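For reference, the chains in residue letters:
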Amino acid sequence: MKIAVIQFPGTNCEYETLVAAKSAGVDGEIFRWNRPAQELCDFDGYVIPGGFSYQDRLRAGAIASKEPVMETLREEAEAGKPIVGICNGFQILVESGLLPGLDGVDAALAQNVMVSKNQIVRRGFYCAWTTLRHDAPPNRCAGTFLIEKGELLPIPLAHAEGNLVTADENLIDRLNEENQVVFRYCDEEGNSTPDYPVNINGSRQNIAGICNPEGNVLGMMPHPERSNFAWQLPAFDPAKKGGLETPGPGRRIFESMKRYIEVKR
Amino acid sequence: MKINLRVWLKIPDAEAVTVKNTLIRRMGYGKALSDLKKERLWSIEVEDVENPDELARKFARQLVNENKEDYIASVDSLVFEEGYVPVKVGLHIEDGEAITTMNQLQNRLGFDMVTGVERSTVWKLYLDSNDSVKLAEEIAERLLINPHKDFYEVL
Amino acid sequence: MRIIGLPDQEVEANLRGAGLGLSVPEARSIADNLGRDPTFTELFNYDTMWSEHCSYKSSRATLDEFLHTTGPNVVQGPEEDAGIVAIDDEWCLVIAHESHNHPSQILPNEGAATGIGGIVRDVNCMGAKVVATADPLRFGDPHGSDSNHVRWVAGGVVDGIWQYGNALGVPVMGGDVVFDESFNTNCLVNVVAVGVVKKNEIIKSRAPAGAGEKGYDVILIGKPTDSSGFGGVTFASEELREEDEEANRGAIQIPDPFLKNVLFKANQDLFRLARERGITIGFKDLGGGGFTCASSEMGASAGYGMDLSLDKVHKVSDDLPAEVASCAETQERFLLICPPEMTPKVLQIYNEYWDLPNVYEGARATVVGKVTTNGRYITHYKDEVICNVSIEHLTKGIRYQREERPREITLSEPLIAPPEDLGAALLKVLASPNCSSREHIYRYYDTEVQGNAIIRPGEADAGLIAPVRGKKFGIALSVDSNPFYGRISPYWAGATAVAEAMRNVAAIGATPWTMTDCLNFGNPEKPEAFWEFRECVKGLSDAAKALWIKGYEDTPVPIVSGNVSFYNESPEGAVDPSPVIACAGLIKDVETAVAMHLKEPENRIYLLGPRFDELGGSDYYHTIFGSLGANVPNVRFEMERNMIYATIDSIAEGAVVSAHDISNGGLGATAAEMALAGKAKLGMNLSLDSAGSANLGTDKLIFSESSGFLLECKTGKEEVLESILRKYSLDVIDLGAVTDSPKISMTRKEKVAVDLDLKAAKKAWAEGLVEAMR
């Protein structure tokens, strides 16, 4: 079993993403975007990591979404292989229409807006640790296959455009009905208060990650690879201990992906 | 009155080149698209002033980076040259940068005659086609915008 | 240009008319060395190489006189782009420190971004992976008469740093921001980068042995050369005048983090190729002085010459004048020297695998010339030899003995009575621009990318990363310098900067291992400014000498990289003397590091470093009295060393579970910050009686900035801690304990001096910087 971590020009999280995948017991390699597309078919799953592909030119993820490698990924996704898009990876999947995966491009990830008590207190890039609540049933999607509904995971985010918006009034309802809303931002007790600093970027209903109807494609703004080891946790988190190998909350994403591949084969 | 500042890069515009490359190499517009350029457009709504040209120059001093950009200012009118189809793209959701800029102009810099700031990009598409407007619309819808946050207008 | 035989006035007119900064004597010495009149290109090349920024002509003598750049852990000192110290037998730490002050004052975003771009290149071209940066910034008074401009500069600089660093994928692990009116028209943007490299994979910039004899290829990689930054080093070597602003704008470089991101990865492929083939290459980044500086230095440092063609240099246009192609500071470029057999593969890596021409229009790798053995620096353009000079004469530069004269300044301690409500005063100090939380800024910085962060900004005095997977060692980094101290005493500013940087590293349990310095001053041709420079260097040298490397008696902590930035001055005045020090520390096992938030109620709080009447330059005097004062904190070298070692040992023994050094805002701010870090649910109950002499006023006990630490001792380990303190001849000062009520209480002689509610403190502390940058 092996996964490909796609590397576009401007990607910058590929190395630690591969480390995280390997620590979960999945073999893998970093796949440069302009390698022959056929080589991509040999892999069992794909991760599109974070960064600034093409420097976010035109729109974050827009240029990468038109690259031939994304066509191949679309085919592989249709064949049922799992894809996890992290941060810029999520943006690329949204621009490609692979997420929410209903009918073409159904949403956009726009600039962060921090709203507190009806006032906009801040905008733009923000790097902080947040807590994610898994709002989908277990086994719903590849990236959270082993995660229980309601589980809380501390995972950091760092982005300028994570605000999920859509012109389709019914989209969010549909996503809720189909259990395609996988993660929401919440506080440490699991409450998804709509105000900043719990809703870090103004995203509709605090949505932090979604999957497609089949559940094999997951996109999330926070970075599980940066929460892959317990030692990566913030200083005041009591779980930050146990040596270099102790897994952190983000590991669950990669373990889920591995399990999904095993089960679906 | 509305003060328009059309701003473009004097140094190579890497973003325009990338967009052009993608249209030609990835999306099949190699024959139809001969060139593509990009401008930023600031449209600043102000209460009527006596010397709008002077005000435009002051705005330009704040908004135009003379080290790498050039600009043309116009009051109320917005005229583009021949030879290309100008496609304006802007946010239809709230534009945080435009709001921040308006606040800075009004509060920090004291331009209290400013009543609104709109920020957009104008893509200049040099097209070989019988119906270049239709082609420009197609290009806008297929690449230049994401309709869930952007709108476009062929000017 | 005609020089020989012309009178001084005419030569002067010719030089200035051409836009050259060289002095008449300098121009004549060049003509002498050549035995003829120099060409325009030759003069521009010399102008660049002999500028202050490139040649260090005013500072070199002083730096050589005082700074310790060698040591048992030094693998490579300041002679290359970055310094290298050993971590263990296999791995090394690479560190570089630079300034980008003038450009940031004119175009804050590009200036700061280019600063980051330059410093990470310096570390990368040694063969290292760049793992973190830190940014010490100084801006003017955000509430003063120039506040609009100051805030515009500050906002632009922060934007430049995050837009570049986040896109590049290098986390920010530290930094600081100081607001001081002397920076109103001359901001300081200093940047530090750290990297890791295996000892046997270090790459030097000098042309490798045999390069001249075998005619190695010289390959230029990266952005096509344009005119951006032309005059950059000369610009950095002159005072800023407003009339020159238009011309100054033309000297700014344009950064591109995206191209840099791709280049770094392509560079890794190049380094791997060289390793696999067992070939030694020379590799250097192009920074100040552009193509001429990089190519001439690579040749000269190996005793070789260079024969280069500007026609072959990939440029934005073939019309680019020779001097621009030679000296422009187009960003994102590297120069490689390698044997010709390796060239085809090198070109393939950059031009095909990494698709440079499609990543950035015109970017590529091209062969531009050869290494020679004739000791000449020769460039051709359009069928002419436009430069043919002695490579040694060009690169050696010149030395000046500048005059020094002490700056006359009248200092006095404020004679105003202290405020009744010291709690309210503490709240004001916590809300002041220099003491308040930096969170507003560091939330823009990606601190997590690369996944190595153990301690991040806001959690402790120094950042900590674990840069190599599978290895337990960690690298700590802190940057410090107090310009208010500098205004009072440049000597003590230098010494306290070193001491504070080391204390910050020790406060997390790491051992100070190496330092870098970035020395920012006014015009060195003015004797007072030069005196300030020399005094700072003496101060930092004395401190480095006395605060020796732990485990190596009498061995100064080495300074392996650094930068001098002169001419930070405009007609309004010069900046306060600003010797910025970065201290990198090592910790053997990252699990033993401690952050500064309070851990457990009832843990005792100990004070290291009794309080002295040292409030000159303090935040308290500045915020409450609007006064500078006179009694600047001194460094009591032996006690300082002992405090640093005691902190490290007591953390290693598990006796101390949190530590925070005392600097701005005194022990009052230190106590508040320990309580406010983290969840802010615990407080402190302290008695100030043993914090200093009985004669010292309570306000002075709270706000004195005498160096020291507050240590939280784990219940049951007090004896362990106290025996360590005694071993280091330190007074045992038990001030009180952690409590589970969220407030800071301080008493003196049984009377309540401070009763600060943490909620109010948090609000004030969190909003201070937001207010200053609105």
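Only a predicted model underlies this, so the values are computations on that prediction, with no experimental measurement involved.

### Description of the nonpolar core
- By size, the foremost hydrophobic cluster in this structure holds 166 residues, and its most contacted members are F8 of chain A together with F139, I221, F283, Y350 and Y445 of chain C.
- With 101 residues, the next largest nonpolar core counts V85, W513, Y645 and Y728 of chain C among its residues.

### Quick word on the side chain of T114 of chain C
All names here are of chain C.
- Summarising the element assignment, T114 is placed in helix α7 (residues 108-124).
- On the basis of relative accessible area, T114 is assigned to the buried category, the value being 4%.
- Excluding residues that lie within four positions of it along the chain, T114 makes contacts with H100, Q253, P255 and Q331.

### What about unusual backbone geometry?
All names here are of chain A.
- L99 connects to P100 through a cis peptide bond whose omega is -5 degrees.
- Mapped onto the fold, P100 is located in the loop between α4 (88-96) and β5 (108-110).
- With an omega of 10 degrees, the peptide bond between Y196 and P197 qualifies as cis.
- Along the polypeptide, P197 turns up in the loop between β11 (181-186) and β12 (207-211).
- Look at N118: it is not a glycine, yet its phi comes out positive at around 65 degrees.
- Notably, N179 is not glycine yet its phi reads approximately 55 degrees, a positive angle.
- Inspection of the secondary structure assignment puts N179 in the loop between α5 (171-177) and β11.
- Residue class for N179 comes out partly exposed when judged on its relative accessible area of 26%.

### Quick word on the state of the cysteines
All names here are of chain C.
- All chains considered together, the criterion is met by 0 disulfides over all chains.
- Free cysteine C327: the closest other cysteine sulfur is in C387, separated by 9.0 Å.
- Residue C327 is classed as buried on the basis of its relative accessible area of 3%.
- The thiol sulfur of C518 is not disulfide-bonded, and the nearest other cysteine sulfur, from C536, lies at 12 Å.

### As for the interface of chain A and chain B
- Listed as interface residues are 23 residues of chain A and, on the opposing side, 23 residues of chain B.
- Taken together, the two surfaces of chain A and chain B that pack against each other cover about 1,800 Å², and 60% of this comes from carbon and sulfur.
- The largest share of the area that chain A buries against chain B comes from L58, R59 and K66 of chain A, three residues that together contribute 34% of it.
- In this assembly, chain A and chain B are joined by 2 salt bridges.
- Of the charged contacts, one joins R26 of chain B and E67 of chain A as a salt bridge, the two residues approaching to 3.0 Å between their closest N and O atoms.
- Our count for the contact surface shared by chain A and chain B stands at 15 residue pairs in polar contact (both at pLDDT 80 or more).

### Some words on the pattern of salt bridges
Residues and elements named next belong to chain C.
- One pass over the structure, following the stated rule, counts 72 salt bridges over all chains.
- K284 serves as the salt-bridge partner of D81, at 3.2 Å between the closest nitrogen and oxygen. Here D81, found in the loop between β1 (74-76) and β2 (83-86), pairs with K284, found in strand β8 (residues 282-285); they are 203 residues apart in sequence, far enough to count as distant. Like K284, D81 is buried.
- E297 is the salt-bridge partner of K284, the closest N and O atoms lying 3.3 Å from each other. In this pair, K284 is assigned in strand β8 and E297 in helix α12 (residues 290-300), connecting sequence segments 13 residues apart.
- Taking relative accessible area as the criterion, K284 reaches 7% and is therefore assigned buried.

Analysis parameters
Residues numbered from 1 in each chain as written. Chains lettered and ligands numbered in written order. Predicted model: local features only at pLDDT ≥ 70, side-chain atom pairs only at ≥ 80, totals over all residues. Heavy atoms only, no water. Core = buried A, V, L, I, M, F, W, Y, C linked by side-chain atoms within 4.5 Å. Buried < 20%, exposed > 50% of the residue type's maximum accessible area, 1.4 Å probe, protein only. Helix = DSSP H or I, 4+ residues; strand = E, 2+ residues; numbered from the N terminus. Contact = heavy atoms within 4.5 Å. Disulfide = S-S within 2.5 Å. Buried area = accessible area lost by both parts, 1.4 Å probe. Salt bridge = Lys/Arg side-chain N within 4 Å of Asp/Glu carboxyl O. Polar contact = N/O pair within 3.5 Å; in protein donor to acceptor, adjacent residues only side chain to side chain.

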